[in-house]
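# Summary of the model geometry
Chain residues, written in single-letter form:
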Amino acid sequence: MNVKTATWLFIGATVLNALNLFFMHSNTRHPVDRISFFVKHIHEEFAVEGIVEGKENVSKQAEKGTIEKRRFRLPKKLKKQLIRAENKKLRRPLSDVIVPLEYTFTPETKSKKTSMTFSPWLKKYFEFHSSSIENGRIKDGVRYIVYECTGDEFCGGLGDRVIGIIKTLYLAILTNRVLLLDSPYPVPLDRVLNPSFMAWNASFPKTEEEVYMYNMSMIEEYDNMLGYRVLQTNGKYSYRLAEILHSSLMSKYLESNGFSSHDAPLVLSVAHAFYEAFWGLFKFDEKVFLRAEQIKLEAKLPRNGTDVLPYIGLHHRHGDHAIFETKKLFKFRFVNTNITRQCYNIIKGIFPNDGVFNASAYIASDSAAIKELMHDEDPSIHYHNELQIFHVDRSARQDTINKVKITSVLQGVIDAVAEIVILVDSECLIMSKSMFSFLAYYIRGPKNRCNIPVQLCNAKSVTYKSNFYCYESGDKYVFNVRDPSQKKMCQL
């Protein structure tokens, strides 16, 4: 038997042995741990036989010039499973202590809503919600639904979380339940977003019942349950907000309450439904407003005295690798910097620097290098050069915190929400294919505001200020509701 045959026989025997151990532990280990255990066992067995070499051994052999050209590599599929398994192991944040900030001015921002007109069915729900809460606790016997983000599984970034909450709100409306939020990860939600017209932070009886957002039939089956938690509000298989708004449940609800979806079709668009729901649920915490003004000041946006002059908000999505450190993840979300700058120049051409609209921009991006590059190419594009790139889910894990040197998770979350406020306050918003961009768009509202997805940017879209766009987490394209050929895509 030659060496090659013997090596492959050994590899086969080792894999079979590892699989045997894998299934032996199937009842005692979590699936994530079983995969890690399986790969670790193979690696250790091969290391003993010299097939997988340690770093010290490799360096010694390199000095002697005796490194073998052939080395065993784990199969790609197995590597992906291991990476996916490791990513699911969420770690708790290091700290929730906020770094003290000093301010010498009183901010005035557009993102503070002083008045708001809501659809009649939302007004009716506010009344129902308010009547169901007493002394900070839901009344006995009132049915409820809980949006949960406790760190046990991925909730997504800021945009993913908020749209997940809003989807849960509309499910609560359609099923006559009180919406409550249990979102302490990575910091309590009310540290950055405070209750507005609904006391969603009221206490409630503990429930173990769970419903996944991708199974609408289970929601109907759980109709007799007093309360349950909704999980997996985002992802490839979860219901889109457009599907909930145009579902049979919504039709039944409107009909039973004397409303008609035909009276105001744009009110049921994703953009307007999100806009109303957000301001019905939330108002930004004062710390977020203060931080947003501090960032504007330190980014040196042009001012007239103490007031920031009107500016353009840019969000440039450079791809997920800036945060997730992977070569290929949601590649379709990558946007070339030239396209973003071209859109910025179109807007500058329409709104010249006439003393009212100062041709400047603030850029938020998932890449510090891109922000610096775009500023170097066009100095009128401003950015905060010391702001850390912070993802409210993945950056809250301990290994990532150590790497980017963020000392306070709360400070990182406040900074992320403050950049949303800066984009909301802009005169015109340029969005990329990202829920971070579209969170700012949906909060601003689609009516009488300049909002432009970078891939749909043209002079006509800029001058026509009421554009109803449709985009949700994971979508490959951005759709314009006013375009007859694209309208149906927002209802799929």
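Located above this text is the structure these notes cover.
Because the structure is a prediction, the values reported are computed rather than measured.

This part is about the sheet that holds strand 6 (residues 210–212). Taken together, the 4 strands give an open sheet; going across it, the order is 4-3-7-6, and neighbouring strands pair in parallel fashion. Strands with a single pairing partner mark the edges of an open sheet, and in this sheet they are strand 4 (178–182) and strand 6. Neighbouring strand axes in the sheet, compared pairwise and without regard to direction, differ in orientation by 30 degrees on average. In terms of strand pairing, strand 3 (residues 144–148) meets strand 7 (residues 227–231) through 4 bridges, oriented parallel. Across the sheet, residue Ile145 finds its bridge partner in strand 7, namely Tyr228. Along the sheet, helix 6 (residues 158–174) contacts strand 3, strand 4 and strand 7; its crossing angle with strand 3, the most-contacted strand, is approximately 170 degrees.

When the terminal C-alpha atoms of helix 5 (residues 120–131) are compared, their 17 Å separation across 12 residues agrees well with the 16 Å that a helix rising 1.5 Å per residue should span. Close packing links the buried residues of helix 5 with strand 1 (133–134), helix 6, strand 4, helix 9 (248–256) and helix 10 (270–281).

Our focus in this paragraph is the sheet that holds strand 14 (residues 428–431). If you walk across this open sheet you meet the 5 strands as 13-12-11-14-15, and the pairing is parallel. Each having just a single partner strand, strand 13 (381–382) and strand 15 (450–453) make up the two edges of the open sheet. Pairing geometry for strand 12 (residues 361–365) and strand 13, over 2 bridges, is parallel. Note that in strand 13 the partner of Ala361 across the bridge is Ile381. Against the sheet, helix 16 (residues 409–424) makes contact with strand 11 (312–316), strand 12 and strand 14, and its axis sits at roughly 145 degrees relative to strand 12, the strand it touches most.

At a minimum axis separation of 11 Å, helix 13 (residues 337–350) and helix 14 (residues 368–377) run at an interaxial angle of 50 degrees. Relative to helix 14, the element helix 13 lies oblique. With respect to the hand of their crossing, helix 13 and helix 14 are arranged in right-handed fashion. Counting all contacts with helix 13, which are made through Thr337, Thr340 and Arg341, the residues of helix 14 involved are Ile370, Met374 and Glu377.

The next thing to look at is the environment of Tyr228. Considering the arrangement of structural elements, one finds Tyr228 in strand 7. Along the sequence, Tyr228 and Glu208 sit 20 residues apart, while their C-alpha atoms lie 7.1 Å from each other. Ignoring sequence-local partners within four residues, the contact set of Tyr228 consists of Tyr144, Ile145, Val146, Arg177, Thr207, Glu209, Val211, Ile219 and Tyr222.

Conventions and cut-offs
- Throughout this document, residue positions are counted from 1 along each chain, in the order its sequence is written.
- With the structure being a predicted model, the display of local features is reserved for residues of pLDDT at least 70 and the display and counting of side-chain atom pairs for 80 or more, all residues being used for whole-chain, interface and lining totals.
- Side-chain metrics in this entry use all non-hydrogen atoms of the structure; hydrogen atoms and water are not considered.
- Strand pairing is defined by DSSP finding a minimum of two bridges between the two strands.
- Only DSSP runs of H or I covering at least 4 residues are called helices, and only runs of E covering at least 2 are called strands; the numbering of each starts at the N terminus.
- Fitted lines through C-alpha atoms serve as axes, helices being fitted only where they are in contact, and the angles separating the N-to-C directions of these axes extend from 0 to 180 degrees.
- Note on contacts: a residue pair qualifies if any of its non-hydrogen atoms lie within 4.5 Å across the two residues.
- Here, expected helix span is obtained from the residue count minus one, scaled by 1.5 Å.
- For classification purposes, angles smaller than 35 degrees are called roughly parallel, those larger than 145 roughly antiparallel, those between 65 and 115 roughly perpendicular, and all remaining angles oblique.
- Helix crossings are classified by the rotation of the near helix relative to the far one: an anticlockwise turn of less than a right angle makes the crossing left-handed, while a clockwise turn makes it right-handed.

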